[in-house]
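# Structural characterization, general
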Amino acid sequence: MKHYGSKDFTSGALPSATAHSTERSFRLWPWVLSDLALVVLLVAGCGGWAAIAKLEGAVVASGAVKVDQNLKEGQHRDGGIVKTLAIWQGDLVKEGQVLATLDDVQIKAELLIVRSQLGEAMGRQARLIAERDNLTSIEFPADLGRVSSAAAIVIHGESRLFAGNKLGRDSQKEQLELSINQTQEEIKGMEAQLAAKEEEIKLVGAERDKLDLLFEKQVVEYTRVYSAHRDWAKILGERGEISASIARAKVRASEIRLQIIAVDQNASTEAQRDLRTVDARISELSERKLAIEDRLSRTESRSPVSVM
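Model, not experiment: these values are computed from the prediction. (Residues numbered from 1 in each chain as written. Predicted model: local features only at pLDDT ≥ 70, side-chain atom pairs only at ≥ 80, totals over all residues. Heavy atoms only, no water.)

## Things to note about the pattern of salt bridges
Short version of the rule: One speaks of a salt bridge when a side-chain nitrogen belonging to Lys or Arg is within 4 Å of a carboxyl oxygen belonging to Asp or Glu. Strands here are runs of E lasting at least two residues and helices are runs of H or I lasting at least four, both read from the DSSP assignment and numbered beginning at the N terminus. Here's how the labels work: a residue is buried when its accessible area is under 20% of the maximum for its type, exposed when over 50%, partly exposed in between, all with a 1.4 Å probe on protein chains only.
Throughout the structure, instances matching the rule amount to 14 salt bridges. One salt bridge in this structure joins Glu 284 and Arg 281, with 3.8 Å as the shortest N-O distance. Note that Glu 284 and Arg 281 are positioned in helix 5 (residues 222-297) at a spacing of three residues, about one turn of the helix. Here Arg 281 falls in the partly exposed class, since its relative accessible area comes to 33%. Via salt bridges that share partners, Lys 166, Asp 170, Lys 173 and Asp 264 belong to a single interconnected network.

Right, here's the structure in full:
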């Protein structure tokens, strides 16, 4: 029987175990490398998706909400068509900075119409005041030129109308003055007739008294005395008629003078009545003008606060 020592068993088993361990280690490295690659790809993919993707949903949870990058939303009170944008999303905005400008063509057209109407009303108001106060010229307001761009046309038109109305009143008063002068001449003529009648009454009265004495002495006939008395009574009636005509002429002259005064008074009354309507119209147009100017000032949307 052959005997083996301990060295023989040890030296024979060791090479076999070493070779098996080396072979196993070479087989694990591909798996490790592939796992590392997968991890890297997973991390890179998740990180890239988190940086690029835009989430449109939300998860309901408790916590504190903070505006991302301090963004603010703005809305115009009246709205309209946007003409220009002065900022973009993410820009830093200061208080009072213009954000956007709305189209103001329609608002400016409305303002132009209202200002034109207001200028016409102001010109008419100045003319009516001059006619009410019976002035010789119109005092137009100093701010008429700032209100309406057609102030010169308004002033020219109202001045011509004022001059025409004044000329019509003056012509009417002139005709009435001529009537008064004619009546005065008639009165002078009737007064002369009255003076002649007075003298004629004296003569006829003296002749009547003389005939009465002669008739008492039975020198003349009664027919002559009767004729003298009849003529004297007729002359007295004519004198009374002339006096009444003079009185009527004087009344007519007074009435014509009242008509002359009434020409200006009627014009003043009519102007005052129209002036109340114009004053109300001016108040309405002034309020509309302020409202439109306020809308026009808001066509530039400005930031109420600074957003940094």
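Picking up where we left off.
## Quick notes on the packing of aromatic side chains
In plain terms, the rule: Planes of paired rings set the category: under 30 degrees apart is stacked, over 60 is edge-to-face and the rest tilted, where pairs are Phe, Tyr or Trp rings (Trp by its six-membered ring) whose centres lie within 6.5 Å.
Considering all chains together, one arrives at two aromatic pairs under this definition. Considering the side-chain rings of Phe 215 and Tyr 222, the 5.6 Å spacing of their centres and the 55° angle between planes classify their relative orientation as tilted. Summarising the aromatic geometry, the rings of Tyr 222 and Tyr 226 are spaced 6.3 Å apart at their centres and angled 35° between planes, so their arrangement reads as tilted. Here the residue Tyr 222 and the residue Tyr 226 both occupy positions in helix 5, the gap between them amounting to four residues, near one helical turn. What links up through ring pairs into an aromatic cluster is the set Phe 215, Tyr 222 and Tyr 226.

## Some remarks on the nonpolar core
The condition is simple: Definition used in this section: a nonpolar core is a set of buried Ala, Val, Leu, Ile, Met, Phe, Trp, Tyr and Cys residues joined via side-chain atoms within 4.5 Å. Whether two residues touch is decided by their heavy atoms; if any such pair falls within 4.5 Å, the residues are in contact.
Core analysis: the largest hydrophobic core is formed by 16 residues, its most contacted members being Leu 118, Met 122 and Ile 282. For this core, the secondary structure elements donating two or more residues are helix 2 (105-132), helix 3 (144-147) and helix 5. Tallying contributions element by element places helix 2 first for this core, with seven residues. Residue contacts for Leu 118: discarding those within four places in its chain leaves Val 147, Ile 282, Leu 285, Ser 286 and Lys 289. In this structure, Met 190, Leu 194, Ile 242 and Ile 246 belong to the second largest nonpolar core, which totals six residues.

## Section: a nonpolar patch on the surface
Counted only if it meets this: Residues qualify for a patch when their relative accessible area is over 30% and they have no salt bridge, like charges being joined within 9 Å and the nonpolar side chains of Val, Leu, Ile, Met, Phe, Trp and Tyr within 5 Å. For every accessible area listed, the method is Shrake-Rupley and the probe measures 1.4 Å; residues are considered covered only by the protein chains on display.
Together, Trp 29, Leu 33 and Leu 36 give the surface a local cluster of nonpolar side chains, amounting to about 360 Å² of exposed area. Along the chain, the position of Leu 36 falls in helix 1 (residues 6-52).

## With respect to the side chain of Glu 158
Within the secondary structure, Glu 158 is located in helix 4 (residues 151-216). Residue contacts for Glu 158: discarding those within four places in its chain leaves Glu 120, Gly 123, Arg 124, Arg 127, Ile 138 and Phe 140.

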